[in-house]
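Residues per chain, in single letters:
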Amino acid sequence: MIVKEWCMYCGECAGVCPRCLIEVGETNITFDESSCKDCKICVQVCPVRALEK
Ligand code: SF4
Ligand code: SF4
C-alpha cells in the first residue's frame, strides 16, 4: 500500500478495514500488509484518494 503525502489522517480508512489492519495516528498511518486481503475498501473510502494499492 502506498500512502500519498496529502493524507490528512482522518481515520476513515482505518474505520472500514474489515480486518482492522490500519492504524492512524495524529501524523502517521501504519498497516499490516501481510494480512491484507486486497478488498480495497480502504482505498474507496478515502476522501482525498491518498491510498493506492
Ligand atoms: S482515509 Fe485517506 S486521508 Fe484519511 S487517514 Fe486514510 S489515507 Fe489518510
Ligand atoms: S485492502 Fe481491505 S483488508 Fe487491506 S487494508 Fe484495505 S480495507 Fe483492509
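You'll find the structure just up there.
In this report, we go over the structure that sits alongside the text. In this text, all values refer to a predicted model and were calculated from it rather than measured experimentally. (Residues numbered from 1 in each chain as written. Chains lettered and ligands numbered in written order. Predicted model: local features only at pLDDT ≥ 70, side-chain atom pairs only at ≥ 80, totals over all residues. Heavy atoms only, no water.)

1. Comments concerning the overall build of the protein chain
At step 1: Within the protein chain, the secondary structure is distributed over two helices and four strands.
At step 2: Taken over C-alpha atoms, the radius of gyration comes to 10 Å for the protein chain, in line with the 10 Å a tight globule of 53 residues would show.
At step 3: Considered along the principal axes of its C-alpha atoms, the protein chain spans approximately 25 × 20 × 15 Å.
At step 4: Across the 53 residues of the protein chain, 19% fall into the buried class.
At step 5: Of the side-chain charges in the protein chain, 6 are positive and 8 negative, and the distance between the mean point of each set is 9 Å. (Helix = DSSP H or I, 4+ residues; strand = E, 2+ residues; numbered from the N terminus. Rg over C-alpha atoms; globule rule 2.2 N^0.38 Å. Buried < 20%, exposed > 50% of the residue type's maximum accessible area, 1.4 Å probe, protein only. Lys, Arg positive; Asp, Glu negative; His and termini not counted. Charge placed at Lys NZ, Arg CZ, Asp CG, Glu CD.)

2. Quick word on the nonpolar core
At step 1: Counting seven residues, the largest nonpolar core consists of Cys 13, Cys 17, Leu 21, Ile 22, Ile 29, Cys 42 and Leu 51.
At step 2: In contact with Cys 42, other than residues within four places in its own chain, are Met 1, Cys 13, Val 16, Ile 22 and Leu 51. (Core = buried A, V, L, I, M, F, W, Y, C linked by side-chain atoms within 4.5 Å. Contact = heavy atoms within 4.5 Å.)

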